[in-house]
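Listed below, chain by chain, are the residues.
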Amino acid sequence: MLDQIRGLHHVTSMADDARTNNQFFTSTLGLRRVKKTVNFDSPDVYHLYYGDETGTPGTVMTYFPFPQMPRGRAGTGEVGTTVFSVPVGSLGFWRDRLSKLGITGLKDEETFGEKRLNFAGPDGDGFALVEAKDDPRTPWTEGGISEDHAIRGFHSVAMRLRDEGATSELLKFMGYEELDRKDGVTRLIVPGGNSASRVDLETLPNVNRAAQGAGSMHHVAFAVDNREKQLEVRKALMDTGYHVTPVIDRDYFWAIYFRTAGGVLFEIATNEPGFARDEEVAHLGEALKLPQQHKHLRPILESHLQKLEA
């Protein structure tokens, strides 16, 4: 069993409009845009990152907004719900706020003894806020939401699977332990991990495989401290039979990827070097940052990419 995984690093999804996506995460949810860059493989498409003040691993939601992308179809083989942590007693504030802003899919629940509020993103993305006790993370409050209510970062992700067996076995190999089971959902946790250390597995044997599109999760990334730890994880996964990519430099972290038996694309990402490697913390997410191989495209991209603020 591995001991290098610290919990979630980031979650990457897809959208069909960059400005709407930016407005939702920065204005509606009050997160900070910590990086404005482009997709490594399709530089005419943004890659937007939202999180706390510095983009701490375990707080970062990222998006590829493909213009006019068709809506995805929910199903198995994907992360169905991305869950954020908020202070105890704050769900009333969020319910009122999201309702007034026209957010759909609002539903109160209690799962594993925690109160939560489910809601939908602009592309039908599945989100929830959970009142989490003793979350020590400092929230970003410059987005207009007070510290008493502001999002701390991820609480968990919920994966929808036709059969949880292989994914549960993989996560346990990655250092997760089963915490609880209830109503067809298995909760796993990394003991001593970061504050985004939970994963829920929802078994839906009669549900068809998801079709990716706007509102779909692209991949979920798990955090390791550094490149040395990442190489240890890569070797162990390959020795177990997984087909893992070489290490890829993503400018703000190093990444490896592999597809799970349940269909979800996993990434292992380093906590280093972080989002302040090419911008001062005070100005994170303001300027368009380009990977080295795409810097020659700056004039074209700056005229082509949608302006994020109206």
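Residues numbered from 1 in each chain as written. Predicted model: local features only at pLDDT ≥ 70, side-chain atom pairs only at ≥ 80, totals over all residues. Heavy atoms only, no water.

S.K.: Please clarify how the overall build of the protein chain should be interpreted in this entry.
M.R.: Counting its secondary structure elements, the protein chain contains five helices and 16 strands. Taking 2.2 N^0.38 as the reference for a compact globule, 310 residues should give roughly 19 Å; the C-alpha atoms of the protein chain span a radius of gyration of 18 Å, in line with that estimate. If you line up the protein chain on its principal axes, its C-alpha atoms span 50 × 45 × 35 Å. Burial statistics for the protein chain: of 310 residues in total, 54% are counted as buried. Taking the intrachain contacts of the protein chain between residues at least 6 apart in sequence as the baseline, contacts between residues at least 24 apart amount to 67%. Total accessible area on the protein chain stands at roughly 13,500 Å², and carbon and sulfur atoms take up 47% of it. In the protein chain, the 36 positive side-chain charges and the 44 negative ones have mean positions that sit 3 Å from each other. (Helix = DSSP H or I, 4+ residues; strand = E, 2+ residues; numbered from the N terminus. Rg over C-alpha atoms; globule rule 2.2 N^0.38 Å. Buried < 20%, exposed > 50% of the residue type's maximum accessible area, 1.4 Å probe, protein only. Contact = heavy atoms within 4.5 Å. Areas by Shrake-Rupley, 256 points an atom, 1.4 Å probe, with all protein chains shown as cover. Lys, Arg positive; Asp, Glu negative; His and termini not counted. Charge placed at Lys NZ, Arg CZ, Asp CG, Glu CD.)

S.K.: Mind showing me how you'd approach the sheet that holds strand β3 (residues 46-51) here?
M.R.: Hydrogen bonding along the main chain pairs the strands of a sheet, whether they run parallel or antiparallel. With mixed pairing, eight strands are arranged side by side in an open sheet as β2-β3-β4-β1-β13-β16-β15-β14. Unpaired on one side and paired on the other, β2 (32-38) and β14 (248-249) mark the two borders of the sheet. Where strand β13 (residues 217-224) meets strand β16 (residues 265-273), five bridges bridge the pair, whose relative direction is parallel. Looking at β16, one finds that V220 is bridged to F266. (Pairing = 2+ DSSP bridges.)

S.K.: Could you clarify how one ought to interpret the UniProt feature "domain: VOC" (unreviewed entry) in the protein chain in this entry?
M.R.: Those residues carrying the UniProt feature "domain: VOC" (unreviewed entry) are residues 7-132 and 153-271 in this numbering. Taken end to end, residues 7-132 has its terminal C-alpha atoms 16 Å apart, with 17% of it in helix and 43% in strand. (UniProt positions renumbered as here; feature names shortened; annotations may be inferred.)

S.K.: I tried to follow the sheet that holds strand β6 (residues 107-111) on my own but got confused; where do I start?
M.R.: The sheet built from eight strands is open, its strands ordered β6-β7-β8-β5-β9-β12-β11-β10 with mixed pairing. Taken across any chain shown, the strands that pair with only one partner, and hence form the sheet edges, are β6 and β10 (177-182). Taken over all neighbouring pairs, the strand axes of this sheet differ in orientation by 25° on average, direction set aside. As paired elements, strand β5 (residues 78-86) and strand β8 (residues 126-131) share five bridges and run parallel to each other. Bridging across to β8, F84 finds its partner in L129. Across the sheet, helix α2 (residues 91-100) lies against β5, β6, β7 (114-120) and β8, angled at about 15° from β7, the strand it touches most. (Axes fitted to C-alpha atoms, helices over the stretch in contact; angles between N-to-C directions.)

S.K.: Looking at this structure, I do not really get the packing of aromatic side chains. What am I missing?
M.R.: What characterises a pair of aromatic rings is the spacing of the ring centres plus the angle enclosed by the ring planes. Counted according to the given criterion, the structure contains 17 aromatic pairs. Measuring from ring centre to ring centre gives 6.0 Å for Y176 and F222, while their planes differ by 80°; the resulting arrangement is edge-to-face. Highlighted residues: Y176 in the loop between α3 (165-173) and β10 and F222 in strand β13, separated in sequence by 46 residues. Exposure class is identical for Y176 and F222. Each is buried. Over the aromatic face of F40 sits the side chain of R250, whose NZ or CZ is 4.9 Å from the ring centroid. (Phe/Tyr/Trp six-rings, centres within 6.5 Å; stacked < 30°, edge-to-face > 60°. Lys NZ or Arg CZ within 6 Å of the ring centre and 35° of its normal.)

S.K.: Hey, could you run me through α2 in this one?
M.R.: The α-helix winds at 3.6 residues per turn, so residues separated by three or four positions along the chain end up facing the same way. Buried residues of α2: L91, W94 and L98, and no others. End-on view of α2: buried residues confined to an arc of 55°, all on one side of the axis. Those residues of α2 that are buried lie in contact with α1 (18-28), β5, β7 and β8. Note on α2: the residue one or two positions beyond its end, G102, has a positive phi of about 80°. (Arc of directions from axis to C-beta.)

S.K.: Is there a simple way to think about the pattern of salt bridges in this case?
M.R.: As a working rule, side chains carrying opposite charge can pair if their charged atoms are close by. Applying the stated rule across the entire model yields 15 salt bridges. Of the charged contacts, one joins R33 and E309 as a salt bridge, the two residues approaching to 2.9 Å between their closest N and O atoms. Pair noted here: R33 is in strand β2 and E309 is in the segment after α5 (298-304), with a separation of 276 residues, a long-range link. Residue class for E309 comes out partly exposed when judged on its relative accessible area of 48%. Among the salt bridges present, the one from R181 reaches E178, with a minimum N-O distance of 2.8 Å. (Salt bridge = Lys/Arg side-chain N within 4 Å of Asp/Glu carboxyl O.)

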